[in-house]
Amino acid sequence: MSWFVNLYRSTIGKKIIMAVTGLIGIGFVLVHMLGNLQVFIGQDKFDAYAAMLHGPLAEVVWGLRIVLIVAVVLHVLMAWQLTQRARAARPVDYRMREPQVSTWASRTMRWGGVLLLVFIVFHILHFTVGVIDPAHAFHETDALGRHDIYGDVVASFRIWWVSAFYIVAMIFLGLHLFHGAWSSLRTLGVAHPSAHPLKRRISAAIAIIVWLGFTLVPLGVIAGIVH
Amino acid sequence: MNLILHVWRQAGANAAGRFERYEARDVSADMSFLEMLDVVNEGLIANGQEPIAFDHDCREGICGMCGMMINGTAHGPMKMTTTCQLHMRSFKDGDELWIEPWRARAFQVVKDLVVDRSAFDRIIQAGGFVSVNTGAPQDANAIPISKQVADDAMDAAACIGCGACVAACPNGSASLFTAAKVSHLGLLPQGQPERYRRALKMVAQMDLEDFGHCTLFGECQEACPKGISIDFIARMNHDYLRAVATQREETAAGGTG
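Since this is a predicted model, take the numbers as computed values, not measurements. (Residues numbered from 1 in each chain as written. Chains lettered and ligands numbered in written order. Predicted model: local features only at pLDDT ≥ 70, side-chain atom pairs only at ≥ 80, totals over all residues. Heavy atoms only, no water.)

### Structural notes on the nonpolar core
Formed by 55 residues in total, the largest nonpolar core has its most connected members in W102, F107, F120, V166, F211 and I233 of chain B. Where this core is concerned, the elements lending two or more residues are α2 (11–36) of chain A together with α2 (118–127), α3 (147–157), α4 (164–168), α5 (175–186), α6 (195–208), α7 (219–223) and α8 (231–246) of chain B. Looking at which domains feed residues into this core, each of domain 1 (3–110) and domain 2 (117–246) of chain B gives three or more. The contacts of V166 of chain B, once residues within four sequence positions are left out, are R90 of chain A together with A104, F107, F120, G172, S173, A174 and F211 of chain B. Listed in part, the 28 residues of the second largest apolar core include M33, A50, M170 and A207 of chain A. (Core = buried A, V, L, I, M, F, W, Y, C linked by side-chain atoms within 4.5 Å. Buried < 20%, exposed > 50% of the residue type's maximum accessible area, 1.4 Å probe, protein only. Helix = DSSP H or I, 4+ residues; strand = E, 2+ residues; numbered from the N terminus. Domains from an automatic or database assignment. Contact = heavy atoms within 4.5 Å.)

What follows is the structure in structure tokens.
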């Protein structure tokens, strides 16, 4: 196992852990987004989907949750350790350093990541656990006696600051993926060599799809399409 | 043209540094940046002041000695150019320039704009070589190498070790330098036997030298006077990952033959 310890201790090893856990996260958000979009089909479909996740698929969901929790913990821990290392690597900063090609997305990975972590905690407490219940709708049931997550979504996103927080967080999620999806493949050394390595069409597509897919839900509620 | 310079002055590694303001008068547009500093230094010496210390050697852009942060850009505003090959025509009359040394914990300031880059030498010593006696030069085409591979290896080998990649990196990472050195040998047939061992050793030394990590900002590639691509970092990561996955402990079990 000493090889694993060596990998864990090296900067590249830590980046590889970040890349793998990040890709797990990308896979998750894509599936989560597709699930969310069922809100546009209607209350019955959406509540049935939620009931399926908590009923017949409960064990599978718990398995995935454990994978995701481990991934998030490792991702944040590696980010913290590497950030400390980068800070230490330049004890005296420049008076002036002009970024030349780095994207705004890449430069907001750290603080954007912190915002996303806060968002994830809020989001779980809001829609999964119901500890934060701004619309007082978490414990409602629908006509079939199922947990009425559809009603909770509609009621929550009608509150302006809830919608605003979700929409802003999704902008940062899109930015995070725009850099992360592209850089993780390079960190893993599987990116195809390119004459223009900074170009990233696939990452841009993933970022836009994820951002738009998630943002459509609060926008749909605000616009009255989902009611 | 006349310029105002704010130059970082630091008497030694442990001394406190500060910016000093100098006026560079009657600068010719045809001077190189270092020649402009030479002229400023002549003036300082004539006034009995300490001249500005900066590294330089070949002054033709191939030795890798020179390098400084000019208005926040490594080697100044011109792309794919070392400081010695940067000419004053890149600036205009009245410009105010902030000149700083490369800043990294691994590159301690020796004096003024001179930094100690021996960390790079130690990374090379860790594995940036082919450890066989090659004997007399072979016939040029005795070992067939495809054009693409030869081109890629040459692109990596163009690294002059100036340190601009570290200087421009927001994390102070030496990934581009190390990747170039890992790759230019690792691409060629002569470098294959030690390819993965080399990646392991050089990366380990890079980490020991207190450089930061790579977050693929891409700033290094832009700052590199030789235009070395960040694709080499992906290649180094690939070699490193493969090396970690396949390495085995060295034992005497191989026998003594």
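### As for the sheet that holds strand β3 (residues 69–70) of chain B
Residue and element names in this part refer to chain B. One open sheet holds the five strands; their spatial order is β2-β1-β5-β3-β4, and the pairing between them is mixed. With one partner strand each, in any of the chains shown, β2 (18–24) and β4 (73–74) form the two edges of the open sheet. Pairing geometry for strand β1 (residues 3–9) and strand β5 (residues 96–100), over four bridges, is parallel. Paired with I4 across the strands is E96, a residue of β5. (Pairing = 2+ DSSP bridges.)

### Concerning helix α8 (residues 160–187) of chain A
Residues and elements named next belong to chain A. Between its terminal C-alpha atoms α8 stretches 39 Å, which fits the 40 Å expected from 28 residues at 1.5 Å a residue. Where α8 bends most, the angle comes to about 25 degrees, and this point is G180. With its phi angle positive at about 70 degrees, G189 sits one or two positions after the end of α8. (Expected span 1.5 Å × (residues − 1). Bend = angle between axes of the 7 residues up to and from the residue.)

### Some words on the environment of G189 of chain A
Considering the arrangement of structural elements, one finds G189 of chain A in the loop between α8 and α9 (201–223). Put simply, G189 of chain A and H227 of chain A are 38 residues apart on the chain and 47 Å apart in space, counted from C-alpha to C-alpha. Beyond its immediate chain neighbours, meaning those up to four positions away, G189 of chain A contacts A234, N237 and H238 of chain B.

### Considerations on the pattern of salt bridges
All names here are of chain B. For the structure on display, the rule yields 19 salt bridges over all chains. Taking the shortest distance from any N to any O, the salt bridge between R18 and E20 comes out at 2.7 Å. Exposure remark for E20: the relative accessible area of 26% places this residue in the partly exposed category. The closest approach of N and O atoms between R122 and E209, which form a salt bridge, is 2.7 Å. (Salt bridge = Lys/Arg side-chain N within 4 Å of Asp/Glu carboxyl O.)

### Some thoughts on the packing of helix α1 (residues 2–9) of chain A against α2 of chain A
In a packed pair of helices, the relevant descriptors are the angle between the two axes and the axis-to-axis distance. Residue and element names in this part refer to chain A. Two numbers describe how α1 lies on α2: the axes approach to 4 Å, and their chain directions differ by 85 degrees. Here α1 is positioned roughly perpendicular relative to α2, judged by the angle of their axes. Touching L7, Y8 and R9 of α1 are T11, G13, K14, I16 and I17, all from α2. Across the contact of α1 with α2, the residue classes tally to four nonpolar, two polar and two charged. (Axes fitted to C-alpha atoms, helices over the stretch in contact; angles between N-to-C directions. Parallel < 35°, antiparallel > 145°, perpendicular 65-115°, else oblique. Nonpolar A, V, L, I, M, F, W, Y, C, P; charged D, E, K, R; others polar.)

### Section: the interface of chain A and chain B
The partner chain B presents 47 residues to the 45 residues of chain A that form the contact. When chain A packs against chain B, close to 3,800 Å² is buried across both sides, 56% of that on carbon and sulfur atoms. Three residues, I12, R90 and Y94 of chain A, lead the burial of chain A against chain B; their summed loss comes to 16% of the area buried on that side. Inspection of the region where chain A meets chain B yields one salt bridge. One salt bridge in this structure joins D231 of chain B and R186 of chain A, with 2.5 Å as the shortest N-O distance. Joining chain A to chain B, the criterion identifies 28 residue pairs in polar contact (both at pLDDT 80 or more). (Buried area = accessible area lost by both parts, 1.4 Å probe. Polar contact = N/O pair within 3.5 Å; in protein donor to acceptor, adjacent residues only side chain to side chain.)

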